[in-house]
Amino acid sequence: QVQLVESGGGLVQPGGSLRLSCAASGSISNFSEMRWYRQAPGKQRELVAHMLSGGSANYADSVKGRFTISRDNANNMVYLQMNSLKPEDTAVYYCNIDVILSGQLYPRAYWGQGTQVTVSS
């Protein structure tokens, strides 16, 4: 029904920037809430950024002021702009979107497959 595909990960030096993209496809009417998570080796999955349906956003303290979540309604895209990257940002990043399907009233959560971000010199 709905597929989420992340892209934009890669290897970047400390202090660098990356923009992650999450493309949603399928019978989509709208997004409700959108989130980016990350999971580093040996650690639990961590909520990094969360955008509510009204457009306000919340961030983990560890990324506040450096990461920005945004959306493109027309193209069913969600982004995570990551600046001033640190080695501790290294992780697999996942998008998670509450999607309202065409003809439906309530959202359903979908996950992408993840994209690797490695911050290293």
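Here goes a summary of the coordinates provided.

Reading guide: rules and limits
Residue numbering note: each chain is counted from 1, following its sequence as written. pLDDT decides what is reported in this predicted model: residues at 70 or higher carry local features, side-chain atom pairs at 80 or more are listed and counted, and totals for whole chains, interfaces and linings draw on all residues regardless. Calculation of side-chain values draws on the structure's entire complement of heavy atoms; hydrogens and water are dropped beforehand. Helical segments are the DSSP runs of H or I of at least four residues, strand segments are the runs of E of at least two, and each set is numbered from the N terminus. Within 3.5 Å is the distance limit for a polar contact, defined as a pair of N or O atoms, with the added protein rule that one can donate a hydrogen and the other accept it, and that residues adjacent in sequence qualify only through two side-chain atoms. DSSP-based pairing: two strands are paired if at least 2 bridges between them are found. Structural elements are reduced to axes, namely lines fitted to C-alpha atoms, with helices fitted over the stretch in contact, and the angle between N-to-C directions of any two is expressed from 0 to 180 degrees. For each residue, the accessible area found with a 1.4 Å probe, counting protein chains only, is set against the maximum for its type, and the residue is called buried under 20%, exposed over 50%, and partly exposed in between. We call two residues in contact whenever any of their non-hydrogen atoms come within 4.5 Å of each other. Any two cysteine sulfur atoms within 2.5 Å of one another count as a disulfide. Residues grouped as a nonpolar core are buried Ala, Val, Leu, Ile, Met, Phe, Trp, Tyr and Cys residues, joined through side-chain atoms within 4.5 Å. Salt bridges are identified by distance alone: a Lys or Arg side-chain nitrogen within 4 Å of an Asp or Glu carboxyl oxygen.

Once that is clear, we can look at the environment of Glu-33. In this structure, Glu-33 sits in strand E4 (residues 28-39). When the C-alpha positions of Glu-33 and Tyr-79 are compared, they lie 13 Å apart, and in sequence the two are 46 residues distant. Within the structure, Glu-33 has its side chain in polar contact with the side chain of Arg-35 (distance 3.3 Å). Reaching out from Glu-33, the side chain makes a polar contact with the side chain of His-50 at a distance of 2.8 Å.

Overall, antiparallel pairing links the four strands, which are arranged E1-E3-E8-E7 in an open sheet. Of all strands in the sheet, those with a lone pairing partner are strand E1 (2-7) and strand E7 (67-72), marking the two edges. The mean angle between the axes of side-by-side strands here comes to 15°, regardless of whether they run parallel or antiparallel. Summarising the sheet, E7 and strand E8 (residues 77-82) pair through six bridges and their orientation is antiparallel. Along E8, the bridge assignment pairs Asp-72 with Met-77.

On to the pairing of strand E3 (residues 18-26). Both E1 and E3 contribute to a ladder of six bridges, which runs antiparallel. Of the residues in E3, the one forming a bridge with Val-5 is Ala-23. Sheet topology places E3 next to E8; six bridges connect them, and they run antiparallel. Within the sheet, the bridge partner assigned to Leu-18 lies in E8 and is Met-82.

Relative to the assigned elements, Asp-98 resides in strand E9 (residues 91-101). Among the residues examined, Asp-98 registers a relative accessible area of 13% and is labelled buried. Leave out the neighbours within four places in its chain, and Asp-98 touches Asn-30, Phe-31, Ser-32, Glu-33, Arg-35, Pro-107, Arg-108 and Ala-109.

Summed over the entire model, instances satisfying the criterion amount to one disulfide. Note that Cys-22 is cross-linked by a disulfide to Cys-95, the S-S spacing being 2.0 Å. Handedness of the Cys-22-Cys-95 disulfide follows from its S-S torsion of about 55°: it is right-handed. Of the two residues, Cys-22 is situated in strand E3 and Cys-95 in strand E9; the sequence distance between them amounts to 73 residues.

A separate point is the nonpolar core. Grouped together as the largest cluster of nonpolar side chains are 32 residues, with contacts concentrated most on Trp-36, Leu-80, Met-82 and Tyr-93. Every element with two or more residues in this core is listed here: E1, E3, E4, strand E5 (46-51), E7, E8, E9 and strand E11 (115-119). Not counting the four nearest positions on each side in its chain, Leu-80 is found in contact with Leu-18, Arg-19, Leu-20, Trp-36, Ala-49, Phe-67, Thr-68, Ile-69 and Tyr-93.

In the structure shown here, the tally under the stated rule is six salt bridges. A salt bridge links Lys-64 to Asp-61, with the nearest nitrogen and oxygen atoms 3.0 Å apart. With a relative accessible area of 66%, Asp-61 lands in the exposed category. A salt bridge links Arg-66 to Asp-89; the shortest N-O distance between them is 2.8 Å. Highlighted residues: Arg-66 in the loop between strand E6 (57-59) and E7 and Asp-89 in the loop between E8 and E9, separated in sequence by 23 residues.

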